[in-house]
Amino acid sequence: MKTQSHVANIATEIITSEDGKNTYEIIKKIDANDFKGGKGLFICLYPTKNKENLYFDDSTTLYLIERAFELGFSEIHVCNIFSTVTSGRMSAKGLKPDKANLDYLKSVFKRKDFGEYTTVIAWGGSLEGSAATNESKKEILQSFYAAHPKGKLYQMMCPEKAIFSETLHPLFLGLRCKGAKLELIEYKDSKYLNATESKNG
């Protein structure tokens, strides 16, 4: 009997505040089968990972790793609207825009190698009734287009299941699109893009 050995390595890096209460970016570098893909930047809602649970991957991160090669990525970068590490569902009560996190995202958009990134809006529909959430979404989009006036944003969809809704969150796709192929399409969320009309001025 002939056998073969196959090895996959996933390196993890996280960027946090000094006290570890805020996580600004989760980076997963995947080395498997000599595949060299691009860098996918997924903007989700809030993190659950910090330096204390560095080896733990939540369902969102695991799903993105699982789908990385399918979407053409060998690096996954996860940023969020809010950076406070949360163990359960985030409450909208008393929520305010996360200035430090929004500033961090601006710095991400200005990276010298940002041309290698594909930015995917994946924050889903949670907290849509929160003024702080909506204000933050608008600022994120404005910051992206300020750094890249001709840049493109993307969102995930699942044609096999006829799921084309805007800004789908990975957890929603994980529940509704098991075994079905995902694709990236250009981001078309007119609700928030209205706030960035100045990019065409």
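Since the model is a prediction, treat every value here as computed from it, not as a measurement.

(A) Region of the structure containing the pairing of strand β5 (residues 117-121). Burial of β5 is extensive: four of the five residues sit out of reach of the surface. Taken together, the five bridges between strand β3 (residues 38-44) and β5 define a ladder with parallel strand orientation. Note on β5: the bridge partner recorded for L41 is T119. In terms of strand pairing, β5 meets strand β6 (residues 153-157) through two bridges, oriented parallel.

(B) Summary view of the sheet that holds strand β2 (residues 23-32). The sheet built from seven strands is open, its strands ordered β1-β2-β4-β3-β5-β6-β7 with mixed pairing. Edge strands, defined here as strands with exactly one partner in the open sheet, are β1 (8-16) and β7 (183-186). Taking the axes of each pair of neighbouring strands and ignoring which way they run, one obtains an average angle of 30 degrees across the sheet. Taken strand by strand, helix α2 (residues 99-109) contacts β1, β2, β3 and β4 (73-80), and its axis lies near 40 degrees from that of β2. Of the strands in this sheet, β3, β5 and β6 are in contact with helix α3 (residues 131-147), which crosses β6 at around 125 degrees.

(C) Just the packing of aromatic side chains, in detail. This model, assessed by the stated rule, comprises eight aromatic pairs. Relative to F73, the ring of F42 has its centre 5.9 Å away and its plane inclined at 90 degrees; by these criteria the two rings are edge-to-face. Of the two residues, F42 is situated in strand β3 and F73 in strand β4; the sequence distance between them amounts to 31 residues. Accessibility assignment for this pair places F42 and F73 in one class, buried. Between the aromatic rings of F109 and F114, the centroid separation amounts to 5.8 Å while the plane-to-plane angle is 75 degrees, which identifies the pairing as edge-to-face. Residue F109 shares its accessibility class with F114, and that shared class is buried. Aromatic ring contacts, followed pair by pair, group F109, F114, Y117, F144 and Y145 into a single cluster.

Cut-offs used in this document
- Here the residue numbering is sequential within each chain, running from 1 through the sequence in written order.
- Side-chain atom pairs in this predicted model are given and counted only at pLDDT of 80 or more, local residue features only at pLDDT of at least 70, and totals for whole chains, interfaces and linings cover all residues.
- Just so you know, side-chain values use all the structure's heavy atoms and leave hydrogens and water out.
- With a 1.4 Å probe rolled over the protein chains alone, any residue whose accessible area is under 20% of its type maximum counts as buried; one over 50% counts as exposed, and the rest are partly exposed.
- In this text, helices come from DSSP runs of H or I with a minimum length of four residues, and strands from runs of E with a minimum of two, each type numbered from the N-terminal end.
- Think of it this way: DSSP has to see at least two bridges between two strands before they count as a pair.
- For every element, the axis is a line fit to its C-alpha atoms; helices are fit only across the contacting stretch, and the angle between N-to-C directions ranges from 0 to 180 degrees.
- In this description, contact between two residues means that some pair of their heavy atoms is separated by no more than 4.5 Å.
- Only Phe, Tyr and Trp rings take part, Trp by its six-membered ring, and two of them pair if their centres are within 6.5 Å. Stacked means planes under 30 degrees apart, edge-to-face means over 60, and tilted covers everything else.

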